[in-house]
Amino acid sequence: MAKVWFVGAGPGDPELITVKGQRLLREAGAIIYAGSLVSEACTRWAGEGCIIADSKGMTLEEITGWLIAQTAQHETVIRLQTGDPSLYGALIEMVQPLDAAGIESAVVPGVSSAFAAAAAACESLTLPEVTQTVILTRVEGRTPMPEGESLRELAQHKTTLCLFLSITLLPKIREELLAAGWQDDNPVLVVQKASWPNEEKIVRGTLGNIRDACRAEKIASQAMIVLSPTLGARHWAELKRSKLYDSDFTHRFRQAENH
Ligand code: SAH
């Protein structure tokens, strides 16, 4: 029976798709991809004769209509999404019409751009006794934020914040973070086109100057903003060690040396 796969393409580097995603692209009869960030993965891994469409300029109904139509001809049909399909990917809006049409579907996860940005800059989003929590969110733009999820409220926890879809809203981000008790000299990381060979840009700055720094680098889209008390830890002289590697710490796989 024909099946539609929602496949996470990863953040851009075609080699950051999963092995399963790559196999499905090779087997697919038809692929529709979301925007320029993932087109390279299709053209690199799709099999010969595969139908490839760009959904740019299509409505959600047109995309699901396309997917449904393709299942009449092909066993394996793919919707290729940037990063991981569970984040800001309109997954449920596409799955519902497939359910209604009685078409089977499944999801293959992908490397989110939040993790590609951390990797690009060699940053850890969690550090022992600094922060153990990561909030994946966005700033309110045209899409309203549900109650209790304003950046001002979320930032009060002083955890790591990864902001999607928000690079044009840096002044608002600064305003909200200052209101939540952050300081202008707190570090900020912006990565544009994380993992893209030859196109990735890494900008480091502070809450006070990141907007100018991004402007100077002409970064106005396709960027991940990371705000975290862990940023720059690679260069810290003092670091609390993770308990996992502490010789006093017994865990499932290892007996502590002193016991
Ligand atoms: N599902 C995707 C997110 C889609 S929303 C994921 O898991 O990454 C689109 C937003 O993701 C962009 O506005 C940007 O904030 C971020 N993004 C996607 N790819 C990116 C990349 N390669 N580098 C930096 N940010 C990226």
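Look up: the structure comes first, before these words.
Within any chain, residue numbers begin from 1 and follow the written order of that chain's sequence. Only residues with pLDDT of 70 or above have their local features reported here, since the model is predicted, and side-chain atom pairs are shown and tallied only from 80 upward, although totals for entire chains, interfaces and linings are computed over all residues. Remark: hydrogens and water are excluded; side-chain values derive from all non-hydrogen atoms of the structure.

Digging into the site of the ligand
For clarity, the cut-off: Near residues are defined by distance, with any heavy atom within 4 Å of the molecule or strand qualifying the residue. Whenever a nitrogen or oxygen atom comes within 3.5 Å of another N or O atom, the pair is scored as a polar contact, on the condition that within protein one atom can donate a hydrogen and the other can accept it, and that pairs from neighbouring residues in sequence are kept only if both atoms are in side chains. Computed by Shrake-Rupley with a 1.4 Å probe, the accessible areas treat only the displayed protein chains as cover when residues are assessed. For this classification, Asp, Glu, Lys and Arg are treated as charged, while Ala, Val, Leu, Ile, Met, Phe, Trp, Tyr, Cys and Pro are nonpolar and the rest, including Gly, are polar.
Taken together, 17 residues form the shell around the ligand, and within it Pro 11, Leu 87, Ser 113, Ala 194 and Ala 223 come nearest. Within the contact set of the ligand, a nitrogen atom lies 2.7 Å away from a backbone nitrogen or oxygen of Pro 11. Ser 112 places a side-chain nitrogen or oxygen 3.0 Å from an oxygen atom of the ligand. For the ligand, whose unbound accessible area comes to 540 Å², protein coverage reaches 92%. When the residues that make up the shell around the ligand are grouped by side-chain class, the tally is ten nonpolar, five polar and two charged.

A look at helix H7 (residues 170-179)
In an α-helix there are 3.6 residues to a turn, and that puts residues three or four apart on one side. Heads up, the rule is: Burial status follows relative accessibility: with a 1.4 Å probe on protein chains alone, a residue under 20% of its type maximum counts as buried, one over 50% as exposed, and anything between as partly exposed. The helix and strand labels rest on DSSP assignments: H or I over at least four residues marks a helix, E over at least two residues marks a strand, and numbering proceeds from the N terminus. To be clear, the arc concerns the directions from the helix axis to the C-beta atoms.
Within H7, the full set of buried residues consists of Leu 170, Ile 173, Glu 176 and Leu 177. Buried residues of H7 fall within an arc of 125° about the axis and therefore sit on the same side. Residue Gly 181 follows H7 closely and has a positive phi angle near 100°.

With respect to the packing of helix H3 (residues 60-71) against helix H4 (residues 91-100)
Quick reminder of the rule: Fitting a line to C-alpha atoms yields each axis, with helices limited to the stretch in contact; the angle taken between N-to-C directions then spans 0 to 180 degrees. To sort the angles, those under 35 degrees are grouped as roughly parallel, those over 145 as roughly antiparallel, those from 65 to 115 as roughly perpendicular, and the leftovers as oblique. Crossing chirality is assigned from the near helix's rotation relative to the far helix, an anticlockwise turn below a right angle marking it left-handed and a clockwise turn marking it right-handed. By definition in these notes, contact holds between two residues if any of their heavy atoms fall within 4.5 Å.
Interhelical geometry of H3 versus H4 gives an angle of 45° and a closest axis separation of 10 Å. On the basis of the axis angle, H3 is oblique to H4. Note that H3 runs across H4; the crossing there is right-handed. On the side of H3, the interface is formed by Leu 60, Ile 63, Thr 64, Leu 67 and Ile 68, while H4 contributes Glu 93, Met 94, Pro 97 and Leu 98. The residue makeup of the contact of H3 with H4, split by class, is seven nonpolar, one polar and one charged.

Focus: the nonpolar core
So the rule is basically this: By nonpolar core we mean a set of buried residues, namely Ala, Val, Leu, Ile, Met, Phe, Trp, Tyr and Cys, connected to one another through side-chain atoms within 4.5 Å.
By size, the foremost hydrophobic cluster in this structure holds 23 residues, and its most contacted members are Leu 161, Ile 173, Leu 177, Val 190, Ile 225 and Leu 227. Contributions of two or more residues to this core are made by helix H6 (151-155), strand E7 (160-164), H7, strand E8 (187-192), helix H8 (210-216) and strand E10 (223-227). Once residues lying within four places of it in the same chain are set aside, the contact partners of Leu 227 are Thr 159, Thr 160, Leu 161, Leu 163, Ile 173, Leu 177, Trp 182, Pro 187, Val 188 and Leu 207. Judged by nonpolar contacts, the second largest core, of 18 residues, contains Ile 31, Val 38, Ala 46 and Ile 78.

Here we look at a nonpolar patch on the surface
Rules: Residues forming no salt bridge and having over 30% relative accessible area are the ones grouped into patches, like charges within 9 Å of each other and nonpolar side chains (Val, Leu, Ile, Met, Phe, Trp, Tyr) within 5 Å. The term salt bridge refers to a pairing of a side-chain nitrogen on Lys or Arg with a carboxyl oxygen on Asp or Glu at a separation within 4 Å.
A cluster of nonpolar residues, Leu 16, Val 111 and Phe 115, forms a patch on the protein surface that exposes about 230 Å² of accessible area. For Val 111, the position within the fold is in the loop between strand E5 (104-108) and helix H5 (113-120).

A closer look at the sheet that holds strand E4 (residues 76-81)
Adjacent strands of a sheet form backbone hydrogen bonds with each other and so pair up, either parallel or antiparallel. What counts, and what does not: A pair of strands is treated as paired once DSSP finds two or more bridges between them.
Overall, parallel pairing links the five strands, which are arranged E3-E2-E4-E1-E5 in an open sheet. Lying at the two open borders of the sheet, with one neighbouring strand each, are strand E3 (51-54) and E5. The average angle at which neighbouring strand axes cross in this sheet is 20°, direction not considered. Bridge analysis of strand E2 (residues 30-33) against E3 gives four bridges, and the strand direction is parallel. Bridge pairing links Ile 32 to Ala 53 in E3. Each of strand E1 (3-8), E2, E4 and E5 touches helix H1 (residues 19-27); the most contacted strand, E4, lies at about 130° to it.

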